[in-house]
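# What the coordinates show
Each chain, written out:
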Amino acid sequence: MQVSVRPGRFRPEAARRDNALKPGSPVAREYEIGGRVQGVGFRPFVYRLAVAHGLSGWVRNRAGAVAVVVEGDPDAVARFAAALIAEAPPLARPTLAASRPIAALVGGTAGRGFVILPSIDGEAREAVVPPDHFACDDCLDELRDPAQRRYRYPFINCTQCGPRYTLIERLPYDRPNTAMAGFALCPDCQREYDNPADRRHHAQPLACPSCGPRLSFRRRMAAPGLRPGSPASAECEAAGEEALAACVASLRAGLTVAVKGIGGYHLMCDAANEGAVARLRASKHRPHKPLAVMVGEEGRDRLDAARRIVRLGPVESGMLVDPIRPIVLAAKRRNAPLAAGVAPGLSEIGVMLAYSPLHHLLLGDFGGPLVATSGNISGEPVLTDPDEAEARLGRIADAFLHHDRPIRRPADDPVCRAIAGRARPLRLGRGSAPLNMRLPVRLARPLLAVGGQQKVTVALGWNERAVVSPHIGDLASPRGLAVFRQVIADLQGLYGVAAERVVADAHRGYAGARWARRCGLPLTTVFHHHAHASALAGEHGIRTPMLVFAWDGVGYGVDGTLWGGEALLGRPGAWQRVASFRPFALPGGEAAGREPWRSALALCWQTGAEWPRGGALACDDLRHAWRRRLNAPETSAVGRLFDAAAALTGVAETASFEGQGPMWLEAVSRDGAPPVNLPLDLGCDGVWRSDWAPLLCVLLDDALGQGERGSIFHASLAAALVDQARRVREQHGVAIVGLTGGCFQNRLLTQAALRGLEADGFRVLLAEAVPANDAGLSFGQIVEAAGADPS
């Protein structure tokens, strides 16, 4: 993720120019502007720019672009054209698609100065659907000014902020094509909407207390001895400002409130209240998975409140104030005023700034940090509908703060982490998606890619372009599948692109792969780690051979085993496994992902090592089944090695969420430990394999602390990676190395590997826009399918 420029304040006078130009023969030109130019105030900007230069003509939305015609003095037209791109609104990302001379204007707009014409339908496939935007400074100033008519109005917005992706029903982006179509503008709002000099000119989510969405609060007050939600419960209801006050009072009382935001609901509680956090965890059946914390903007750089709970370096600071307003993983301060239960076992907290007007009001009135975790049943997409939220979250939330602005599709919060001095995305979501990516090859037909099983995104590719959806989640639930199908339909509808082929993971048991086989489109299957490698190659536009280390939990491999510690040489469509790890059999198969002790036993049983805890965890039947390879698939996954290390060191023998063992192991480990040498041998199949067995002596040595053992483990894997890269270079001369897969969300491992590779002369690539984890599979599937069969 590249930190972007923060949207500035609206300054119409900044566009004025000295128009005392020597008159020349008038010229007329037509421009077509592509990129992100809808939903960002681009047409009003063009209007002001043309008026400032004394030009006649018009601007209008077409489905995928903005069309502009101007006529006037040649110098003024030239200066106007240069400013179209250079001085565009901060949220815009315009590209000049076409510029051509035309005949002088006659009839129509001739003699009318410059006007904004109504939008026209057309091809949507070149459109850029804008993501949702955080509240800008101008709107926040109004929000806090008692003299303004939108004082404390939770849905204040303008052309530079507010919802977009979650609001749009179809293109072009005009109010009748959004969820705001049901809110008729009052006379005051209509005047702002119609005035090209106003920053709310054609702001499609425009609203005020007189004509816009409203808050409502509901809390069920259970009678003594009854659970909330029982028939005998009384109800407390409020609306508008009273609803906000009731929400704040509930949070101060230690209750959990489900709060509807831009892309869905958050479950919120007092982040400093140990009892409130514990009750939220118990009711959501989420004993350990970290909870995100939201803070208000304080101080000149907006980050004083965040600094009270986490330590911020330049990268973390930049991520927090980036326009996407992500959850940022940052080191927790020792005496942070937070409940210990916010992120047990971890040294980092996921923190984000308030990004919507409602959040600013809540945080300001509450006066402290709030837990703001996804309003969902764990693993499912975030909930968006008030009735469904009350039905599904009724046993988790004590109260609900709703609003009546519809959310057309969910968008969870994005997540980022600083790794190797750059912001790295871990989850795409509100503000960062739909993510537009340029493909390294042109597609002959539109492709739809459906990703994996967890952390699912879907991607739509056509021509030289791919669009990646926000995070959907796990497809194991009916709601996950329903949102999966909705997003597939929405992407094709919004962009006017009908997929002609579907791409899915080669694992036939994945829900997305099953859907792909039934959808009626021709099917291409892509192996899991080939998709990981191609996502990285595609993001960086690499078309020459490179070496990609794809390390993660497990994924179905070319040989029918579970891969996850692979080094792949080649390019999209032509990957060859050249290095891996000594395989081992997982007792219990998929259960090993939830119970790290199973991976630990696998390593011990495979080598004959004794683990004192092993006898208490495994029964004789399990070992007997393992010996016979019954439900004990073979794997080379580094993610399972991390699980084993977490269990053998006593950090985590069981897991209540994916990745718990590796995350907790990283938290106790430090950089700079001496590595254990892992033997590397060339197999008869031509694949180099590192042997993890020497690590067992260290991991089982109770004379060493957990942190020391974890540190040696990290250093040893990084050293083994560099050793494999050297051997492959000796054989094939490769100079470019990529690191991808969920294991490279681990900062300690990634930075150690990066240092070793760069010291050895390799050029190293990491994910920057597309997550390295399974959220990037959909994009990688498109790149891989295109590389294998460009036709």
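In what follows, the accompanying structure is described. Every residue gets a number counted from 1 within its own chain, in the order that chain's sequence is written. Whole-chain, interface and lining totals are the exception, using all residues; otherwise, since this is a predicted model, local features are given only for residues with pLDDT of at least 70 and side-chain atom pairs are given and counted only at 80 or more. Each side-chain value is derived from all of the structure's non-hydrogen atoms; neither hydrogens nor water enter the calculation.

### Here's the deal with the sheet that holds strand S4 (residues 93-101)
- Pairing is mixed across the open sheet formed by five strands, whose spatial order is S4-S1-S3-S2-S5. Here the strands that pair on one side only, and so sit at the sheet edges, are S4 and strand S5 (114-116). Within the sheet, the average angular offset between the axes of one strand and its neighbour, ignoring direction, is 15°.
- With seven bridges connecting them, strand S1 (residues 27-36) and strand S3 (residues 65-72) associate as antiparallel partners. When the bridges of S3 are listed, Glu 30 appears paired with Val 69.
- We call two residues in contact when some of their heavy atoms are within 4.5 Å. Note on geometry: axes are C-alpha line fits, over the in-contact stretch for helices, and angles between N-to-C directions span 0 to 180 degrees. Each helix corresponds to a stretch of at least 4 residues labelled H or I by DSSP, and each strand to a stretch of at least 2 residues labelled E; elements are numbered beginning at the N terminus. Against the sheet, helix H1 (residues 42-52) touches S1, strand S2 (56-62), S3, S4 and S5, its axis set at about 175° to S5.
- Strands in contact with helix H2 (residues 74-86) are S1, S3 and S4; relative to S1, the strand with the most contacts, it is inclined by about 0°. In this scheme, strands are said to pair when DSSP sees at least two bridges between them.

### Considerations on the side chain of Ser 432
- Along the chain, Ser 432 turns up in the loop between strand S17 (422-427) and strand S18 (435-438).
- If near-sequence neighbours (up to four positions away) are discounted, Ser 432 is found in contact with Pro 131, Ile 324 and Pro 414.

### Things to note about the pattern of salt bridges
- Only one rule defines a salt bridge in this text: a Lys or Arg side-chain nitrogen within 4 Å of an Asp or Glu carboxyl oxygen. Applying the stated criterion across every chain, the model contains 43 salt bridges.
- Between Arg 417 and Glu 666 there is a salt bridge; the shortest N-O distance is 3.1 Å. With Arg 417 in strand S16 (residues 415-419) and Glu 666 in helix H18 (residues 660-668), the pair connects residues that are 249 residues apart, well separated along the chain. As far as burial versus exposure is concerned, Arg 417 and Glu 666 are alike and both buried.
- Salt bridges linked by common partners bring Glu 142, Arg 149, Arg 150, Glu 192, Arg 199 and Arg 200 together as one network. A simple rule labels every residue: compare its accessible area, found with a 1.4 Å probe on the protein chains alone, to the largest value its type can have, and call it buried under 20%, exposed over 50%, or partly exposed in between.

### Some thoughts on the layout of surface pockets
- Note on definitions: the grid is 1 Å and covers protein atoms alone; a cavity is a set of points where a 1.4 Å probe fits but cannot get out; a pocket is an open set with protein on both sides within 12 Å along at least five of seven lines; lining residues have an atom within 4 Å of a point. Grid points are joined across faces, edges and corners, and a volume is the space filled by probe spheres set on the points. Space inside the second largest pocket adds up to approximately 1,200 Å³.
- As for the second largest pocket, its lining consists of 44 residues, of which Arg 36, Arg 93, Leu 435, Asn 436 and Met 437 are closest to the centre.
- Looking at the lining of the second largest pocket, the elements that each hand over two or more residues are S1, S4, S16, S17 and S18.
- Residues that form the lining of the second largest pocket fall into these classes: 20 nonpolar, eleven polar and 13 charged. Note on residue classes: Ala, Val, Leu, Ile, Met, Phe, Trp, Tyr, Cys and Pro are nonpolar, Asp, Glu, Lys and Arg are charged, and everything else, Gly too, is polar.

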